[in-house]
Amino acid sequence: MAAIKTREIQYTAPDGSQLIGYFAAPESDQPVPGVIVAPEWWGRNDYTEQRARELAEHGYAALAIDMYGDKKVTTVSSQAYEWMMQTFQDPDTIVNRATAALNTLAAQEEVDDSKLAAIGFCYGGKVVLDLARSNAPVKAVVTFHANLSPKAPAQEGQVQAEILVLHGEKDSMVSLEDVENFRKEMQAAHVPHDVIIFKDAKHGFSNPLADERAKANGVDLGYNAEAEKQGLEAMYALLARHLA
């Protein structure tokens, strides 16, 4: 694993929100590919930062992005829901904030801005999918237990990324019908994509704290170590293929 460095980076969204990303990159003499990491609805927390550091250890520069401003985080689902819904009030907020983050990542001296990708978890999955649908210059997008519903359906010629969706068979928040609708959307727009459905996995399967959060908030989440492992392997394979 590569030695890495980390720092926080403040950037501003078009709506004036002050956002604070967490940047991790390998110690390297040459610019490396960049990946934004969009968080679950809890905000830019330790889990999101951990994923950024792991990407850096694998040779990528990564920015764990802030979607709420001032790096607000919570472990209470009602608060998370409130903050998330605020980003839905203006239909452009999500893509605008994600684009600001992608531009911030691309501007770092450690980053090769011709090789960009995006990954996202739950709410963050929707963030990076809508970013991809907006014709953002990302070559690969990977989602873990994502909200798949589009701001606006993908249009042919307006998605630059290959998309990989990692989904739990027993996800009670995003149905298998939702997954099928996503497939149809991608097929209609001729977007290269793949969907992997993990047997017996629930919403939140990639997060080791999912069971604890489920118990505390009365929501149907569950960690699944095997699905997490297979999902990350599939993610790194896609990134290697597009960002090499």
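Here, every reference points to the structure presented above.
Residues numbered from 1 in each chain as written. Predicted model: local features only at pLDDT ≥ 70, side-chain atom pairs only at ≥ 80, totals over all residues. Heavy atoms only, no water.

**Things to note about the pattern of salt bridges**
For the record, the criterion: Basic side-chain nitrogens of Lys or Arg form a salt bridge, by our definition, when they fall within 4 Å of a carboxyl oxygen of Asp or Glu. Secondary structure follows DSSP: runs of H or I at least 4 residues long count as helices, runs of E at least 2 residues long count as strands, and numbering of each begins at the N terminus. Relative accessibility thresholds used throughout: buried, under 20% of the residue-type maximum; exposed, over 50%; partly exposed, between the two (1.4 Å probe, protein chains only).
Taken as a whole and assessed by the stated rule, the structure comprises 17 salt bridges. For Arg-133, the salt bridge goes to Glu-185, with nearest N and O atoms at 2.8 Å. With Arg-133 in helix H4 (residues 123-133) and Glu-185 in helix H5 (residues 176-188), this pair connects stretches of sequence that are 52 residues apart. Grouping residues by exposure puts Arg-133 and Glu-185 together as buried. Among the ionic pairs, Glu-162 bridges to Arg-241, the shortest N-O distance being 2.8 Å. Separated by 79 residues along the polypeptide, Glu-162 in strand E7 (residues 162-168) and Arg-241 in helix H7 (residues 225-243) bring together distant segments of the chain. On the basis of relative accessible area, Arg-241 is assigned to the exposed category, the value being 53%. Each of the salt bridges in this network shares a partner with another, and the network as a whole consists of Glu-8, Arg-44, Glu-49 and Lys-71.

**Details of the pairing of strand E8 (residues 193-198)**
To keep things clear, this is the line we draw: Two strands qualify as a pair provided that DSSP identifies no fewer than 2 bridges between them. Here, the term right-handed applies to a crossover whose path from the first strand over the helix to the second runs clockwise when the strands point away from the viewer.
Relative to E8, E7 runs parallel, the two sharing six bridges. Directly across from Val-165, in E8, lies its bridge partner Val-195. Regarding the hand of the β-α-β motif, the stretch spanning E7, H5 and E8 is right-handed.

**Focus on unusual backbone geometry**
It is generally the case that most residues other than glycine have a negative phi and that most peptide bonds are trans. The residue Cys-122 is not glycine, and still its phi comes out positive at about 55°. You can see Cys-122 is positioned in the loop between strand E5 (111-121) and H4. On the accessibility criterion, Cys-122 (8% relative accessible area) is buried. Residue His-145 is not a glycine yet carries a positive backbone phi of 40°. Take His-145: it is sitting in the loop between strand E6 (140-144) and E7. Take His-145: its relative accessible area is 0%, and that puts it in the buried class.

Honestly, it's all geometry; don't read function into it.
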